[in-house]
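So the chains spell out like this:
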2 protein chains.
Amino acid sequence: MHSLRFTTETSSAGVVERDFTVGEVPGVLWSPVSGSKNAPLILLGHTGGLDKRTPGILARARRYVTDRGFTVAAIDAPGHGDRPRTAQDERARIAIPQARAAGEPIGPIIAEYNAALAERAVPDWQATLDALQALPEIGAEAPIGYGGTTLGTVIGLSLAAVEPRITAAVFGAPLVYEALTEAARLVTIPILFLLPWDDAEIDRRSGLALFDALASEEKTLHANPGGHHQIPRFEIEHEVGFYARHLGRPATSAA
Amino acid sequence: MHSLRFTTETSSAGVVERDFTVGEVPGVLWSPVSGSKNAPLILLGHTGGLDKRTPGILARARRYVTDRGFTVAAIDAPGHGDRPRTAQDERARIAIPQARAAGEPIGPIIAEYNAALAERAVPDWQATLDALQALPEIGAEAPIGYGGTTLGTVIGLSLAAVEPRITAAVFGAPLVYEALTEAARLVTIPILFLLPWDDAEIDRRSGLALFDALASEEKTLHANPGGHHQIPRFEIEHEVGFYARHLGRPATSAA
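Residues numbered from 1 in each chain as written. Chains lettered and ligands numbered in written order. Predicted model: local features only at pLDDT ≥ 70, side-chain atom pairs only at ≥ 80, totals over all residues. Heavy atoms only, no water.

### Some points on the side chain of Arg-18 of chain B
All names here are of chain B.
So, point 1. Inspection of the secondary structure assignment puts Arg-18 in strand E2 (residues 15-22).
So, point 2. In terms of polar contacts, Arg-18 uses its side chain to reach the side chain of Ser-31, at 3.3 Å.
So, point 3. In contact with Arg-18, other than residues within four places in its own chain, are Phe-6, Thr-8, Glu-9, Gly-27, Val-28, Leu-29, Ser-31 and Glu-137. (Helix = DSSP H or I, 4+ residues; strand = E, 2+ residues; numbered from the N terminus. Polar contact = N/O pair within 3.5 Å; in protein donor to acceptor, adjacent residues only side chain to side chain. Contact = heavy atoms within 4.5 Å.)

Have a look at this one:
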């Protein structure tokens, strides 16, 4: 098992932000200045083509920490951010814009690449989780949630299907392929599912079908007008309430 | 114009509850003991077959008043609660259980009756609104929202389509008929739409289509597992947040 190594630390407005590595995997950990022992830990997965410090992740990390005293961790997906690219990554980085420029459907290329990324990312997250739980400030008792849209959902759903430590998750706007629907059928934890109602690249019916496939007894779908990456800011408040409901730590007990 | 006449008043746990009449229409007004001048006013419509004091309305009225200092009003729909029944009401009260017992589809009967009720209820709500706004404790400046599911949505949508004083609404689980979809196309205010995902009586596709028809720039659909009347309790919290976002009055300024 790789242990977690902190590389940098900054702090602002009550939030400590530390870069870390677990083996080859680079990540960021956000936690309250006042400490986080046994606080819920939220793992955030970024969207395709971006990295662990996307604006969406930064905004969520800060809100989750300051509103509820949660701990938040994000890592770079394989072939993304500070990670080396394999031949497969390089091929996808060429094929996707090529297809788009040629007016060809990019869905099948992205779906195939996403499926491969999810396979590579699940062990990364499991190793990161092992290392995070080994930190005395987090420990093995902290309830664990996951959140991420598009590629972050593809990876998170694949993770939640095999990883019982994840006990609540926020997903949204994934490109659906058959193996992902199969993974959804294995997921029984509470889910908040964010669906862009006017996604030009992904038919809303495929999102509704994926939501339907989830085996979870408690699952909520929130649909809002807008395209692929246009999830309204007010959903962050619902995410916080969702995690608090399922992972504990009410607002009043936050630092 | 009929003025509003209070008939009874009780008070408990910070909430004043008063029965009233506006002409022939009986209603209930809930308000904070501490006063409500210019606070948002939420009109609540009950589900079919019930009345202005359904458990769902009582739970919401108390939460809206105590969480945010809103004022809340509910009235009996035509032919419901304390109101006299017309020949049309009597026919529907016989036809619906008869059809159900015979295993015949009740949808068309309910849709036709609901459409008639909406036509009768819109002027009731408008007269009630006139009378409520004439009360010094409410006034003409209070922002106005509407909430109601099933019959409450049929009436509320018909009201919102013609009544500019309603500026935000929560709807859910209506039996959709063509004129209702036409009304939805006229609605441009922010909407929170609650859709039971497993409604045995109403196909989820008709709810999704109605949501799609709303002309509102800001609209959010929340789908949850469960049948026709099974909206999870945690949605009340989302309703409060939704009204607060669009009608003002943040939590901290509540009484």
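Text resumes after the structure shown.
### Here's the deal with the relation of the copies chain B and chain A
To go from the first copy of the chain to the second, apply a rotation about an axis and then a shift along the same axis.
So, point 1. Rotating chain B by 180 degrees and moving it 0.0 Å along the rotation axis overlays it on chain A with an RMSD of 0.0 Å. Such a turn and shift between the copies fits a two-fold axis. Rotation axis and chain B: the residue whose C-alpha lies nearest the axis is His-222 of chain B, separated from it by 2.3 Å.
So, point 2. Interface overlap between copies: 100% of the residues of chain B at the interface are likewise at the interface in chain A, consistent with a symmetric, same-surface contact. (Least-squares fit on C-alpha atoms with pLDDT ≥ 70 in both.)

### Quick word on the packing of aromatic side chains
So, point 1. On inspection of all chains with the given rule, the structure shows 16 aromatic pairs over all chains.
So, point 2. With 5.6 Å between their ring centres and 75 degrees between their planes, Tyr-64 of chain A and Tyr-243 of chain A make a pair best called edge-to-face. Placement of Tyr-64 of chain A in helix H1 (residues 55-68) and of Tyr-243 of chain A in helix H7 (residues 235-247) is noted, with a sequence separation of 179 residues between them.
So, point 3. The class of Tyr-64 of chain A is buried, set by a relative accessible area of 1%.
So, point 4. Ring geometry for Trp-197 of chain A and Phe-211 of chain B: centres 5.0 Å apart, planes at 80 degrees, overall edge-to-face. Residue Trp-197 of chain A is found in the loop between strand E8 (191-196) and helix H6 (204-213), and its partner Phe-211 of chain B is found in helix H6 (residues 204-213); the two belong to separate chains. Comparing Trp-197 of chain A with Phe-211 of chain B, the two get one shared label, buried.
So, point 5. Put simply, the rings of Tyr-64, Phe-70, Phe-242 and Tyr-243 of chain A touch in pairs and so form one group of aromatic residues.
So, point 6. Residue placement shows Arg-245 of chain A over the ring face of Phe-234 of chain B; its charged tip is 3.7 Å from the ring centre. (Phe/Tyr/Trp six-rings, centres within 6.5 Å; stacked < 30°, edge-to-face > 60°. Buried < 20%, exposed > 50% of the residue type's maximum accessible area, 1.4 Å probe, protein only. Lys NZ or Arg CZ within 6 Å of the ring centre and 35° of its normal.)

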